[in-house]
Amino acid sequence: MAIVLIESVNLTTTTTVVEFSNIPQDYTHLKVVWTARVNSSPTNPTMWMTINNDTSGSGYTYRAMFFDDTQIEGTGSDGQSSFLMQHGSARSDSITNDTYATGIANLANYTKSGAGGGFSSFQAREGDTTSSNRFGIAMSGGVRTNTSAVTNIKFRVDSISSPATLVSGSSFQLYGIV
């Protein structure tokens, strides 16, 4: 198995969307690794991943779980407009300075038209001992109903229509796996 860096986005200014486009079809699977922080509220930002600009409202099915030192929470939904990466997959600037959330998303068999394609993700956020927003871990997985090969991936935090702002220092790397 070989893992090859396809593209790296290291934010030096703020943005609401990170996009990987014209993704080469030369690998078997894709992996995205991120370290992210948003400019303000909410205190538990949620990362969303959109494939091939499909925000139809029915293209994704997922199940997710989040836990920290005070709660365990699960959710899931069929027919959504993006994949949910769950709470805490980006860190709010209103919490503690210079803390980030990290995450990894995997897309299996991304070149296979007609296969649907599965995804899994794992995220962790740094703890904040001065508030109720402590260290948290989230996991999610799902499938997409759009069966075309993946050529575009977008990441937003909190909402497709009104995303939070990712701050300078956030970074996203796209890898191909052979």
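Structure shown above.
Report on the accompanying structure.

Criteria and thresholds
- Residues numbered from 1 in each chain as written.
- Predicted model: local features only at pLDDT ≥ 70, side-chain atom pairs only at ≥ 80, totals over all residues.
- Heavy atoms only, no water.
- Helix = DSSP H or I, 4+ residues; strand = E, 2+ residues; numbered from the N terminus.
- Buried < 20%, exposed > 50% of the residue type's maximum accessible area, 1.4 Å probe, protein only.
- Contact = heavy atoms within 4.5 Å.
- Areas by Shrake-Rupley, 256 points an atom, 1.4 Å probe, with all protein chains shown as cover.
- Pairing = 2+ DSSP bridges.
- Salt bridge = Lys/Arg side-chain N within 4 Å of Asp/Glu carboxyl O.
- Patch = residues over 30% accessible without salt bridge, like charges linked within 9 Å, V, L, I, M, F, W, Y side chains within 5 Å.

1. Section: the overall build of the protein
Then step 1. A count of helices and strands for the protein gives zero helices and 13 strands.
Then step 2. Its helices and strands in sequence order give the protein the pattern β-β-β-β-β-β-β-β-β-β-β-β-β, from N to C terminus.
Then step 3. Evaluated residue by residue, the protein yields a buried proportion of 46% over its 178 residues.
Then step 4. Counting contacts in the protein only where the partners sit at least 6 residues apart, residues at least 24 apart contribute 74% of the total.
Then step 5. Surface exposure of the protein reaches about 7700 Å², of which carbon and sulfur atoms provide 50%.

2. Some details on the environment of alanine 138
Then step 1. With respect to the secondary-structure elements, alanine 138 resides in strand 11 (residues 136-144).
Then step 2. Under the relative-accessibility criterion, alanine 138 is labelled buried at 0%.
Then step 3. Each C-alpha atom, one on alanine 138 and one on phenylalanine 67, is 6.4 Å from the other, the two residues being 71 residues apart in sequence.

3. Details of unusual backbone geometry
Most of the time, phi is negative for any residue but glycine, and the peptide bond is trans.
Then step 1. At asparagine 22, a residue that is not glycine, the phi angle is positive and equals roughly 50 degrees.
Then step 2. Checked against the element boundaries, asparagine 22 lands in the loop between strand 2 (18-20) and strand 3 (29-38).

4. Here's the deal with the pairing of strand 12 (residues 153-157)
Then step 1. Of all five residues in strand 12, five are buried; the element is thus mostly enclosed.
Then step 2. Side chains of strand 12 alternate between two faces, with Ile153, Phe155 and Val157 and Lys154 and Arg156 buried alike.
Then step 3. Relative to strand 12, strand 4 (residues 46-51) is paired through five bridges, and the arrangement is antiparallel. Residue pairing in the sheet places methionine 49 in a bridge with phenylalanine 155 of strand 12.

5. Thoughts on the pairing of strand 4
Then step 1. Across the six residues of strand 4, six count as buried, placing the element largely inside the fold.
Then step 2. Along strand 4, one buried face is formed by Thr46, Trp48 and Thr50 and the opposite face, lined by Met47, Met49 and Ile51, is buried too.

6. Some words on the pattern of salt bridges
Then step 1. For the structure on display, the rule yields one salt bridge.
Then step 2. Of the charged contacts in the structure, one is a salt bridge between arginine 63 and aspartate 78, with a shortest N-O distance of 3.1 Å. Within this pair, whereas arginine 63 is found in strand 5 (residues 60-68), its partner aspartate 78 is found in strand 6 (residues 72-80), the two being separated by 15 residues in sequence.

7. A short note on a nonpolar patch on the surface
Then step 1. A contiguous nonpolar surface patch, about 370 Å² in accessible area, is contributed by Met65, Ile72, Phe122 and Met139.
Then step 2. You can see methionine 139 is positioned in strand 11.

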